[in-house]
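Residues per chain are reported as follows:
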Amino acid sequence: MQSDIHPTAFIERGAELGAGVKIGPFCHVGPHVQLGDNVELMSHAVVIGDTIVGEGSRIFPHAVLGAEPQNTAHGGSRTRLVIGRGNTIREGVTMHLGTDNARGETTIGDNCMFLAYSHVAHDCVLGNHVTFANNVMIGGHTTVGDRVIIGGGAGVHQFCRIGHHAFIGGLAAVQADVIPFGMIMGNRGYLAGLNLVGMKRSGMGKREINALRHTFKDLFSGVDGSLRENAARLIADNPGSEGIRDIADFILADSRRKFMTPISASNGRLETGD
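This structure is a prediction, so every number in the text was calculated from the model and none was measured.

Draft legend 1. Up close: the packing of aromatic side chains. All told, the structure shown has three aromatic pairs when counted by the stated rule. Consider the rings of phenylalanine 216 and phenylalanine 220, whose centres lie 5.1 Å apart with planes at 55°: the pair is tilted. With phenylalanine 216 and phenylalanine 220 both in helix H2 (residues 206-220) and four residues apart, the pair spans about one turn of that helix. Owing to a relative accessible area of 9%, phenylalanine 220 belongs among the buried residues under this scheme. Directly above the ring of phenylalanine 60 sits arginine 90, whose terminal nitrogen or CZ lies 3.9 Å from the centroid. A cation over a ring is seen here: arginine 256 above phenylalanine 159, with NZ or CZ 3.7 Å from the ring centre.

Draft legend 2. Main features of the pairing of strand S28 (residues 190-194). Here four bridges tie strand S27 (residues 182-185) to S28, and the two strands are oriented antiparallel to one another. Residue isoleucine 184 lies in a different strand from S28, and its bridge partner there is leucine 191. Where S27 folds back on S28, the antiparallel hairpin that results is connected by four residues, among which glycine 186 adopts a positive phi of roughly 90°.

Draft legend 3. Quick peek at the sheet that holds strand S8 (residues 46-47). Taken together, the nine strands give an open sheet; going across it, the order is S2-S5-S8-S11-S14-S17-S20-S23-S26, and neighbouring strands pair in parallel fashion. Unpaired on one side and paired on the other, strand S2 (10-11) and strand S26 (173-174) mark the two borders of the sheet. In this sheet, strand S23 (residues 155-156) lies alongside strand S20 (residues 137-138) in parallel orientation, the contact comprising two bridges. Following the sheet pairing, isoleucine 138 is matched in S23 by valine 156.

Draft legend 4. Region of interest: the nonpolar core. Counting 69 residues, the largest nonpolar core has Leu41, Met95, Phe114, Leu126 and Ile138 as its most contacted members. Broken down by secondary-structure element, the contributors of at least two residues to this core are strand S12 (80-83), S28, H2, helix H3 (227-237) and helix H4 (242-252). With near-sequence residues (within four places) excluded, methionine 95 lies in contact with Val64, Leu65, Gly66, Ala67, Leu81, Ile83, Ile89, Ile108, Phe114 and Val120.

Draft legend 5. Up close: the state of the cysteines. On inspection of all chains with the given rule, the structure shows zero disulfides. In this structure cysteine 112 is a free cysteine whose sulfur lies 12 Å from that of cysteine 124, the closest cysteine sulfur available.

Draft legend 6. Summary view of the sheet that holds S28. Across the sheet, which stays open at both edges, the 11 strands sit in the order S1-S4-S7-S10-S13-S16-S19-S22-S25-S27-S28 with mixed pairing between neighbours. Since the sheet does not close on itself, it has two edges, and those belong to strand S1 (4-5) and S28, each with one partner. Two elements, S1 and strand S4 (residues 22-23), share two bridges in a ladder whose sense is parallel. Of the residues in S4, the one forming a bridge with isoleucine 5 is isoleucine 23.

Draft legend 7. Region of interest: H4. Those residues of H4 not exposed but buried are Gly243, Ile244, Ile247, Ala248, Phe250 and Ile251. Looking down the long axis of H4, one finds its buried residues gathered within 155° of arc, a one-sided arrangement. Buried residues belonging to H4 abut strand S24 (161-162), H2 and H3. Its side-chain oxygen at 3.2 Å from the backbone nitrogen of isoleucine 244, serine 241 defines the N-terminal cap of H4.

Draft legend 8. Region of interest: unusual backbone geometry. The omega torsion across asparagine 187 and arginine 188 is 0°, close enough to zero to call that bond cis. Position of arginine 188 relative to the elements: it lies in the loop between S27 and S28. In this structure, histidine 44 is a non-glycine residue whose phi angle is positive, near 65°. Along the polypeptide, histidine 44 turns up in the loop between strand S7 (40-41) and S8. Exposure remark for histidine 44: the relative accessible area of 35% places this residue in the partly exposed category. A positive phi angle, close to 65°, is found at histidine 165, a residue other than glycine. By the element assignment, histidine 165 lies in the loop between S24 and strand S25 (167-168). Given a relative accessible area of 13%, histidine 165 falls into the buried group.

Rules behind the numbers
- Residue numbers run consecutively from 1 along every chain, following the written order of its sequence.
- Predicted model: local features are reported for residues with pLDDT of at least 70 only, side-chain atom pairs are reported and counted for 80 or more only, and whole-chain, interface and lining totals are derived from all residues.
- Think of the side-chain values as coming from all heavy atoms in the structure, minus any hydrogens and water.
- Each Phe, Tyr or Trp ring (for Trp, its six-membered ring) is paired with any other whose centre lies within 6.5 Å, and the angle between the two planes then decides the class: stacked below 30 degrees, edge-to-face above 60, tilted in between.
- Here a helix means four or more residues in a row that DSSP labels H or I, a strand means two or more in a row labelled E, and each is numbered from the N terminus.
- Think of it in three bands: residues with accessible area under 20% of the maximum for their type are buried, residues over 50% are exposed, and the middle band is partly exposed, with areas taken using a 1.4 Å probe on protein chains only.
- Our definition puts a charge over a ring when NZ of Lys or CZ of Arg is within 6 Å of the ring centre and also within 35 degrees of the ring normal.
- Paired strands are those between which DSSP finds at least two bridges.
- Buried Ala, Val, Leu, Ile, Met, Phe, Trp, Tyr and Cys residues that are joined via side-chain atoms within 4.5 Å together make up what is termed a nonpolar core.
- We call two residues contacting when some pair of their heavy atoms lies within 4.5 Å.
- Two cysteine sulfurs form what is called a disulfide whenever their separation falls within 2.5 Å.
- Think of it as the arc spanned by the lines of direction from the helix axis to the C-beta atoms.
- N or O atoms within 3.5 Å of each other form a polar contact, as long as, within protein, one can give a hydrogen and the other can take it, and as long as residues adjacent in sequence are counted only when both atoms are side-chain atoms.

What follows is the structure in structure tokens.
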């Protein structure tokens, strides 16, 4: 299948284009870029740096992918941006390379949707089927699990972890880790419960959802013991529940951030990660 490249597009020597690639007017593709089969760049899209775009992804006008990281600690060495298959990247979206003093790669999973003017910073790791609404911003080194949805205008602080199937409400400011299935609302954000809609959409059964709702209450009800101690106890008490283990393992893992909690559990303060 032949590529379709508009005569005004600027494709630098060294770029690798897969079969069936479409590149529209006034696009710029840098010399270290790899575009997979059937990738489409619409007018004025820019893909530069050491950037890989997976097959079937669509990049809309004025998106800029693979620019240098906005990090003064970056020394200028070659780093990467890896974008998976089947992604939709809308107008004005920006995604930056990794930094050479960290993991050196920004990684995007498959079948994600990035709406207009959303931003993925350096060294982030995003899972599959992630959705960013318009103007979402995530800081460097953020990790986002599968099927996370982040509402319009929300911002996530650098080094935060967002667990899989979490939901971040529009305009929420997230400055700490969000447990899997967690639902964040408000500005500044707080943990308002579990993302029940997302859990149902994923095919989770009613019994497992009810178990996780009880788990949520046990974790944040003010029971004596730290959040980590409560998480360890839940694993011991529920050895057969994958969802409960996901949440507990997330809490017990090493992290540079605290955890988002319900306001009622901490009177508006954040639970420590200790």
